2 protein chains.
Amino acid sequence: MITITIIGSGNVAQHLIQAITKAVGLDLIQVFARNKVSVSHLISNDKIISEIDAFKTADLYIIAVTDTAIREVSSHFPFQGKLVAHTSGSIAIEDLSNTNKKAVFYPLQTFSKNKTIDFKEVPICIEATNDEDFAVIKEVAQLISNSVYEINSAQRKALHVAAVFVNNFTNHLYQLGNEICKKNQVSFEILKPLIEETANKIKTLSPKQSQTGPAKRGDTQTINAHLNFLSDDNQKEIYRLLTKSILDNGKKL
Amino acid sequence: MITITIIGSGNVAQHLIQAITKAVGLDLIQVFARNKVSVSHLISNDKIISEIDAFKTADLYIIAVTDTAIREVSSHFPFQGKLVAHTSGSIAIEDLSNTNKKAVFYPLQTFSKNKTIDFKEVPICIEATNDEDFAVIKEVAQLISNSVYEINSAQRKALHVAAVFVNNFTNHLYQLGNEICKKNQVSFEILKPLIEETANKIKTLSPKQSQTGPAKRGDTQTINAHLNFLSDDNQKEIYRLLTKSILDNGKKL
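Attention here is on the structure that accompanies the text. Quick caveat, the model's predicted, so the values are computed rather than measured.

**Description of the overall build of chain A**
The number of helices and strands found in chain A is nine helices and eight strands. Seen along its three principal axes, the alpha-carbon backbone of chain A occupies a region of about 65 × 40 × 30 Å. Looking at chain A as a whole, 55% of its 253 residues are labelled buried. Within chain A, contacts between residues at least 6 apart in sequence are counted, and of these 52% link residues at least 24 apart. In the structure as shown, chain A presents an accessible area of about 11,100 Å², 48% of it carried by carbon and sulfur atoms. Put simply, chain A has 28 plus and 26 minus side-chain charges, and the middle of one group is 6 Å from the middle of the other.

Okay, here's the thing in structure tokens:
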């Protein structure tokens, strides 16, 4: 049985608490949360701590706080020589304090409150500084997920940037689509099967094979009609830039 | 039994042939295709025509050719007063020739060769110029799909532009994500569950509620780190513009 303490109470922390609680072979012994209420529906109150001197000894401490706080949190632990992992896509393993053994436990998924996730399907990108620590972090990850990858800090940074493109920016395009529908009194519902199929295609075709539309066809007549139709300058600029990118991409070998 | 003739042999035509052939109550009597081979795996050869004088009388003629050819195709039919529908998101109903009765039968989905689609889930946006024609087009649509919408030409144009954002541009973001992965020797596979969940979220949350990431958080440190990381000017410019759009959007009420 591997004992684990989570530091944090946000989206990632909350989803991790649920995943670890469910996993056979893992024991979530404490959650450090400044605001106890935010996690009290997920774990019994006696396991929630908010004072730094209340930490018990655990095999692994997982820091699931906002990126900018990771370094400071890791430097204030009252213990030394323990295994400490952060969960961030963009923070290097070296940024953790030298007082403890360093690791990364990065679940690459978009977590929202009130939206459950099957953690078994969440890719977990792990990193450690030696084989012994790596074995522990790997065992924990494999008890939670079916999809575990060894990824170094440089690769993780690339993955995080790529994730911003395929998730944050994609979701923003959904929002722009929603705005266009609203403005023209059409239901956004009509677009949902298209959104679903666009994501589904990627499972069997490469993005390049999946590309369709006026830019892909070089159909300047439709492109110009769309640009004339759009009245919002921001939407126009995004339409223009992404169309140009698709057109240029088609010319690449 | 409603008799139908399809004009065209591309992606939309091919998927329509399959959907109509399967539907109870519809009889696909002919397919007009300049290149017989492209549809010969979908329908018996005696039903494929490539000469304009071979058209039989049908209740509905569906033009599924490239946008720029629709007007011309519709003006060359050797018959008059029949019901003729096009399948385009961006062409107005008026663009069809006046010699026949006009309608629109726009399946709002992304069609690729070698990727089957459950047409029952494809939203079909229909339009006609009178109640009688509308009744026919509606019956055909409802025999093929569970999701039929009456949409006028102005609304259809808005839907088509919105579809470019949520489908064409989204798929291009997948491609940019793929490029970033390749360049940094990470498997694009790791991002697939994220892509799937990003689309899934939209079923239960609005795009605004679903938005996460550094731009949404106003995390300029991560944004700048990402911009420094990207070496491709095009990727940088897209990152900058979409980040700005998310930031500005957060300020809107």
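**Some thoughts on a negative patch on the surface**
Residues A:D233, A:E237, B:D233 and B:E237 make up a contiguous surface patch of negative charge. Sorting the residues of the negative patch by element identifies α9 (233–251) of chain A together with α9 (233–251) of chain B as the ones contributing at least two each. For B:D233, the position within the fold is in helix α9.

**Focus on the environment of A:K201**
Of note, A:K201 is situated in helix α5 (residues 192–201). The buried category is assigned to A:K201, whose relative accessible area is 1%. Taking the C-alpha atoms as reference points, A:K201 and A:Q211, separated by ten residues in sequence, lie 9.9 Å from one another. Those residues in contact with A:K201 that sit more than four places away from it in its chain are A:S210, A:T212, B:T110, B:F111, B:S112 and B:K115. At 3.4 Å, the side chain of A:K201 and the backbone oxygen of A:S210 are in polar contact. In terms of polar contacts, A:K201 uses its side chain to reach the side chain of B:T110, at 2.5 Å.

**Things to note about the relation of the copies chain B and chain A**
Between chain B and chain A, which share one sequence, the superposing operator has a rotation angle of 180 degrees and an axial displacement of 0.0 Å; the RMSD is 0.0 Å. Both chain copies can therefore be described as sitting about a two-fold axis. Looking at the rotation axis and the C-alpha trace of chain B, the residue lying nearest is B:T170, at 2.7 Å. Taken as a fraction of all interface residues of chain B, those also at the interface in chain A reach 100%, which identifies the copy contact as same-surface.

**Points about the pattern of salt bridges**
Opposite charge on two side chains lets them pair, provided their charged atoms get close. Counting across every chain of the model gives 16 salt bridges over all chains. Across the pair A:E196 and B:K203 runs a salt bridge whose closest N-O atoms are separated by 3.4 Å. Linking A:E196 in helix α5 with B:K203 in helix α5 (residues 192–204), this pair reaches from one chain into another.

**Some thoughts on helix α3 (residues 131–144) of chain A**
All names here are of chain A. Across its 14 residues, α3 extends 20 Å between first and last C-alpha, which sits within 8% of the 20 Å expected from 1.5 Å per residue. Listed as buried for α3 are D133, F134, I137, V140, A141 and I144. Viewed end-on, α3 has its buried residues packed into an arc of 130 degrees, placing them on one side of the element. When the buried face of α3 is taken as reference, the exposed residues oriented beyond 90 degrees from it are D131 and E132. One side-chain oxygen of the residue at the start of α3 lies 3.1 Å from the amide nitrogen of E132, identifying that residue as N130.

**Remarks on the interface of chain B and chain A**
Each partner contributes residues to the interface: chain B has 89 residues there, and chain A has 89 residues. Carbon and sulfur atoms supply 69% of the area that chain B and chain A bury against each other, a total of about 8,400 Å² over both sides. Scanning the region where chain B abuts chain A turns up four salt bridges. For B:K115, the salt bridge goes to A:E197, with nearest N and O atoms at 3.2 Å. The tally of links between chain B and chain A comes to 36 residue pairs in polar contact (both at pLDDT 80 or more). Listing elements by their share of the side of chain B that touches chain A, those giving two or more residues are α4 (153–183), α5, α6 (207–210), α7 (214–217), α8 (220–229) and α9 of chain B. Within the side of chain B that touches chain A, the residues separate by chemical class into 42 nonpolar, 31 polar and 16 charged.

**What about the pairing of strand β2 (residues 26–32) of chain B?**
Consecutive side chains of a regular strand alternate in pointing toward one face of the sheet and then the other. Residue and element names in this part refer to chain B. Burial within β2 is extensive, with six of its seven residues counted as buried. Here strand β1 (residues 2–7) pairs with β2 via six bridges, running parallel. Of the residues in β2, the one forming a bridge with T5 is Q30. Note that the unit made of β1, helix α1 (residues 11–22) and β2 has a crossover that is right-handed. Bridging between β2 and strand β3 (residues 48–49) involves two bridges; their strand directions are parallel. Paired with F32 across the strands is I49, a residue of β3.

**Digging into the sheet that holds β3(B)**
Residue and element names in this part refer to chain B. Strand order in the open sheet formed by eight strands is β3-β2-β1-β4-β5-β6-β7-β8, and the pairing between neighbours is mixed. Each of the sheet's edge strands pairs with one partner strand only, and the pair in question is β3 and β8 (148–150). Alignment of strand β6 (residues 101–107) against strand β7 (residues 124–128), held across five bridges, turns out to be antiparallel. Residue pairing across strands places P107 opposite I124, the latter belonging to β7. Helix α3 (residues 131–144) rests against β1, β2, β4 (60–63), β5 (83–86), β6, β7 and β8 of the sheet, and its axis sits at about 165 degrees to β7.

Conventions we followed
- Residues numbered from 1 in each chain as written.
- Chains lettered and ligands numbered in written order.
- Predicted model: local features only at pLDDT ≥ 70, side-chain atom pairs only at ≥ 80, totals over all residues.
- Heavy atoms only, no water.
- Helix = DSSP H or I, 4+ residues; strand = E, 2+ residues; numbered from the N terminus.
- Buried < 20%, exposed > 50% of the residue type's maximum accessible area, 1.4 Å probe, protein only.
- Contact = heavy atoms within 4.5 Å.
- Areas by Shrake-Rupley, 256 points an atom, 1.4 Å probe, with all protein chains shown as cover.
- Lys, Arg positive; Asp, Glu negative; His and termini not counted.
- Charge placed at Lys NZ, Arg CZ, Asp CG, Glu CD.
- Patch = residues over 30% accessible without salt bridge, like charges linked within 9 Å, V, L, I, M, F, W, Y side chains within 5 Å.
- Salt bridge = Lys/Arg side-chain N within 4 Å of Asp/Glu carboxyl O.
- Polar contact = N/O pair within 3.5 Å; in protein donor to acceptor, adjacent residues only side chain to side chain.
- Least-squares fit on C-alpha atoms with pLDDT ≥ 70 in both.
- Expected span 1.5 Å × (residues − 1).
- Arc of directions from axis to C-beta.
- Buried area = accessible area lost by both parts, 1.4 Å probe.
- Nonpolar A, V, L, I, M, F, W, Y, C, P; charged D, E, K, R; others polar.
- Pairing = 2+ DSSP bridges.
- Right-handed = clockwise from strand over helix to strand, strands pointing away.
- Axes fitted to C-alpha atoms, helices over the stretch in contact; angles between N-to-C directions.

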